[in-house]
Amino acid sequence: VKAIRDKKNVPFIEAIPAKLEGWQVVFTMLMSPKVEPSFATVYAKEGFTTHGLATKFTKEAAEKMDREEGGDSAYERKVLPVTLYTGEQIMAEVYVSKRNRSPDEAQAPSRRYLHLMVDAAKEISLEPHYIQWLETHPFYQPS
């Protein structure tokens, strides 16, 4: 929530923790190998669940968020069913990488990037097992 509001300066109407079933977080958005090796995206994979934040934006704020996240060149927005932590099911637009690499092509993210994900997960109180998965995920260590 802080990253959206403070760092990206994108106002939102509402933000609720949610899960996306049948999708896995993968680090397949390959970037600068020795600085930021990869960023996260989601990949359709049965048996997996991804946790995150369902965020409601105004049209203008959603357009700004698109630009902040790389616009049309990096992601497509897919409308998918998500389950809010309140139990309510909604249809939400989810950013999915256009590069669509398989999880086998994943590279460990930087420690910095992974820590940002862990801090955000704790801030919004994602399920403890998911936070633990993030905390124990391997990260890139320069040689």
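Residues numbered from 1 in each chain as written. Predicted model: local features only at pLDDT ≥ 70, side-chain atom pairs only at ≥ 80, totals over all residues. Heavy atoms only, no water.

A separate point is the environment of A62. Considering the arrangement of structural elements, one finds A62 in helix 2 (residues 59–68). What makes A62 buried here is its relative accessible area of 17%. Taking the C-alpha atoms as reference points, A62 and F12, separated by 50 residues in sequence, lie 8.6 Å from one another. Setting aside its immediate chain neighbours within four residues, A62 contacts F57, R77 and Y95. (Helix = DSSP H or I, 4+ residues; strand = E, 2+ residues; numbered from the N terminus. Buried < 20%, exposed > 50% of the residue type's maximum accessible area, 1.4 Å probe, protein only. Contact = heavy atoms within 4.5 Å.)

Along the chain, H51 turns up in strand 2 (residues 36–56). With a relative accessible area of 8%, H51 lands in the buried category. For H51, the side chain forms a polar contact with the side chain of Y85, separated by 2.6 Å. The contact partners of H51, leaving out residues within four places of it in the chain, are A18, K19, Y85, L126, E127, H129 and Y130. (Polar contact = N/O pair within 3.5 Å; in protein donor to acceptor, adjacent residues only side chain to side chain.)

This brings us to the pairing of strand 2. Pairing analysis gives 15 bridges linking strand 1 (residues 14–32) to strand 2, with the strands arranged antiparallel. The partner of W23 across the bridge, within strand 2, is A44. Counted along the chain from strand 1 to the antiparallel partner strand 2, the turn is three residues long. (Pairing = 2+ DSSP bridges.)

Side chains that differ in sign of charge can pair as their charged atoms come close. Per the counting criterion, the structure on display carries four salt bridges. Put simply, K59 and E63 hold a salt bridge, and the shortest N to O gap is 2.8 Å. Placement of both K59 and E63 in helix 2 is noted, with a separation of four residues, approximately one turn of the helix. Here K59 falls in the exposed class, since its relative accessible area comes to 60%. Among the residues examined, E63 registers a relative accessible area of 36% and is labelled partly exposed. (Salt bridge = Lys/Arg side-chain N within 4 Å of Asp/Glu carboxyl O.)

As for its position among the elements, H137 is in the segment after helix 5 (128–135). Classification of H137 by relative accessible area gives buried; the value is 17%. When neighbours within four sequence positions are excluded, H137 is seen to be in contact with F27, P109 and L114.

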